[in-house]
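Each chain is listed here by its residues.
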Amino acid sequence: MIDELKEVMGFRLTLWIHPFINIECPSFATALREGYFVKGKKGQSVITRWWQGANAGLIDFTNPNATDWWKKRLNTLQALGVDSFKFDAGETNWIQDGSVVGGDPLLHPNSYTTAYVNAVATYGGMVEVRSGRNNQALPIFFRMLDKDSIWGYNNGLRSLIPTLLLFSTVGYPFVLPDMIGGNAYKGQKPSKELFVRWLQANAFMPSLQFSIVPWQYDEDVVKICKDVVELREKYNSTLLNAAKQAIATGAPINRPLWWIAPTDKETFTIDSEYMLGDTILVAPVLEEGAIKRDIYLPSGQWTGHNGQKYTGPQWIREYSAPLQTLPFFILSETA
């Protein structure tokens, strides 16, 4: 199957990986015997629960022997042709009360997350994780936690840009925004409008992830998706240059508006727009049923996606943005 996916169909293959071993798994006994699970204060292995198991051990990544054993199992998969891994969990909430992990006791239990992410980052630039603590120097994707397929701030589309800017400004530039359209939990498939607006909001972020596919909707959605991907390709050099700058200086790939206008108080509370580098301002529609939105442009000479020129700073009120339109602006000259 791996050969068919890679050689015939042209895919790169990644596998979903997590730090848990359920009690019914044959590897559980080995890890328990060797002391590879997180332990309690008396040295006993602690049983935890997670979303795919009520009784499981949690690999202790602050234990070098446990880490080496666990990674050798992944190396076996890589030898079969697996390209990379999607690493889930790693947060400290899976560590039961009373457990003990290695590292500085003053950093307990956060040292666990740091050790986990450091361990998995050795598998290359396609790696993604969804947790991190003092891991900003690693050149891997840090994924947002699962979003709900809804519109609002309560973990829906409206929370996408604030989460992006939070990750970016605390030193994690390689943000993976997770699934376009949200995670569709409990059969909550995003509407056509929500799916398209989510894709547009995601367009100039470091990565696109299609898990809900556009052809589940109609030909209009397929065309819009193709247009957005082509738009992204058109400005790919800007994205790559911003990524290189992030490596060299630590500057975010995606920046809040105040990054380019630090004395403009109007930019301080804007959470529905973002920058790609210092020159592309993105202002997606984030409200259900909306075909217009207000857009703020900081100081400078701006060119809209339709070629129209603007001089900032200014608010553009009720900017037209029907479903097929993603408003964005190019800064051609600073004031």
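Structure's up top.
Thresholds, definitions, all that
- Residues numbered from 1 in each chain as written.
- Predicted model: local features only at pLDDT ≥ 70, side-chain atom pairs only at ≥ 80, totals over all residues.
- Heavy atoms only, no water.
- Helix = DSSP H or I, 4+ residues; strand = E, 2+ residues; numbered from the N terminus.
- Buried < 20%, exposed > 50% of the residue type's maximum accessible area, 1.4 Å probe, protein only.
- Contact = heavy atoms within 4.5 Å.
- Patch = residues over 30% accessible without salt bridge, like charges linked within 9 Å, V, L, I, M, F, W, Y side chains within 5 Å.
- Areas by Shrake-Rupley, 256 points an atom, 1.4 Å probe, with all protein chains shown as cover.
- Salt bridge = Lys/Arg side-chain N within 4 Å of Asp/Glu carboxyl O.
- 1 Å grid on protein atoms, 1.4 Å probe; cavity = no way out; pocket = protein on both sides within 12 Å on 5 of 7 lines; lining within 4 Å.
- Points joined across faces, edges and corners; volume = space filled by probe spheres on them.
- Nonpolar A, V, L, I, M, F, W, Y, C, P; charged D, E, K, R; others polar.
- Polar contact = N/O pair within 3.5 Å; in protein donor to acceptor, adjacent residues only side chain to side chain.
- Pairing = 2+ DSSP bridges.
- Axes fitted to C-alpha atoms, helices over the stretch in contact; angles between N-to-C directions.
- Expected span 1.5 Å × (residues − 1).

H108 connects to P109 through a cis peptide bond whose omega is 0°. Relative to the elements of secondary structure, P109 occurs in the loop between β7 (99–100) and α4 (110–120). Note that the residue after G312, namely P313, is joined by a cis bond; omega there is 10°. Topologically, P313 is positioned in strand β15 (residues 309–320). Positive phi is not limited to glycine here, since N155 has a value of about 70°. Within the secondary structure, N155 sits in the loop between β9 (141–143) and α5 (160–169). Classification of N155 as partly exposed rests on a relative accessible area of 27%.

This brings us to the environment of N155. Along the backbone, N155 and K39 are 116 residues apart, and their C-alpha atoms lie at a distance of 34 Å. Setting aside anything within four residues of it in sequence, one finds N155 in contact with D146, K147 and D148.

Moving on, we come to a nonpolar patch on the surface. Among the surface-exposed residues, V8, M9 and F11 lie close enough to one another that they form a single nonpolar patch of about 330 Å² accessible area. Mapped onto the elements, V8 comes out in helix α1 (residues 2–8). Assessed through its relative accessible area of 68%, V8 is described here as exposed.

It is worth spelling out the layout of surface pockets at this point. Here the largest pocket is characterised by a volume of approximately 800 Å³. As for the largest pocket, its lining consists of 17 residues, of which R12, T14, M126, E128 and L208 are closest to the centre. For the lining of the largest pocket, the secondary structure elements donating two or more residues are β1 (14–17) and β6 (84–87). By residue number, the principal contributor to the lining of the largest pocket is β1, which donates three residues. Looking at the lining of the largest pocket residue by residue, the classes come out as 10 nonpolar, four polar and three charged. Within this model, the second largest pocket holds a volume of roughly 320 Å³. What lines the second largest pocket is a set of 17 residues, among which D227, L231, Q324, T325 and L326 lie closest to the centre.

The next point concerns the side chain of R255. With respect to the helices and strands, the residue R255 is situated in strand β11 (residues 254–255). On the basis of relative accessibility, which here comes to 0%, the residue R255 falls in the buried class. A polar contact of 2.5 Å, which involves the side chain of R255, links it to the backbone oxygen of P252. Aside from chain neighbours lying at most four places away, what touches R255 is L165, Q245, Y274, M275, G277 and D278.

Take the sheet that holds strand β2 (residues 20–22) next. Paired through their backbone hydrogen bonds, the strands of a sheet run either parallel or antiparallel. The antiparallel open sheet is built from three strands, whose spatial order is β2-β5-β4. The sheet is open, and its two edges are formed by β2 and β4 (47–50), each paired on a single side. Between one strand and the next, the sheet's axes are offset by a mean angle of 55°, whatever the strand orientation. Sheet topology places β4 next to strand β5 (residues 53–58); three bridges connect them, and they run antiparallel. Opposite T48, over in β5, you have A56 as the bridge partner. Helix-sheet contacts for helix α2 (residues 26–34) involve β2, β4 and β5, and the interaxial angle to β2 is about 115°.

In the structure shown here, the tally under the stated rule is 17 salt bridges. A salt bridge links R130 to D88; the shortest N-O distance between them is 3.3 Å. Taken together, the residues span a long stretch of sequence, with R130 in the loop between β8 (128–129) and β9 and D88 in the loop between β6 and β7 at a distance of 42 residues. Given the relative accessible area of 15%, R130 is considered buried. When salt bridges with common partners are traced through the structure, they connect K86, D88, E91, E128, R130, R143, D146 and D178 into a single cluster.

Over its 14 residues, helix α8 (residues 236–249) extends 20 Å from the first C-alpha to the last, a length consistent with the 20 Å expected when each residue adds 1.5 Å. Elements in contact with the buried residues of α8: α7 (219–234), β12 (274–276) and β13 (280–282). Just beyond α8, the residue with positive phi is G250, at close to 90°.

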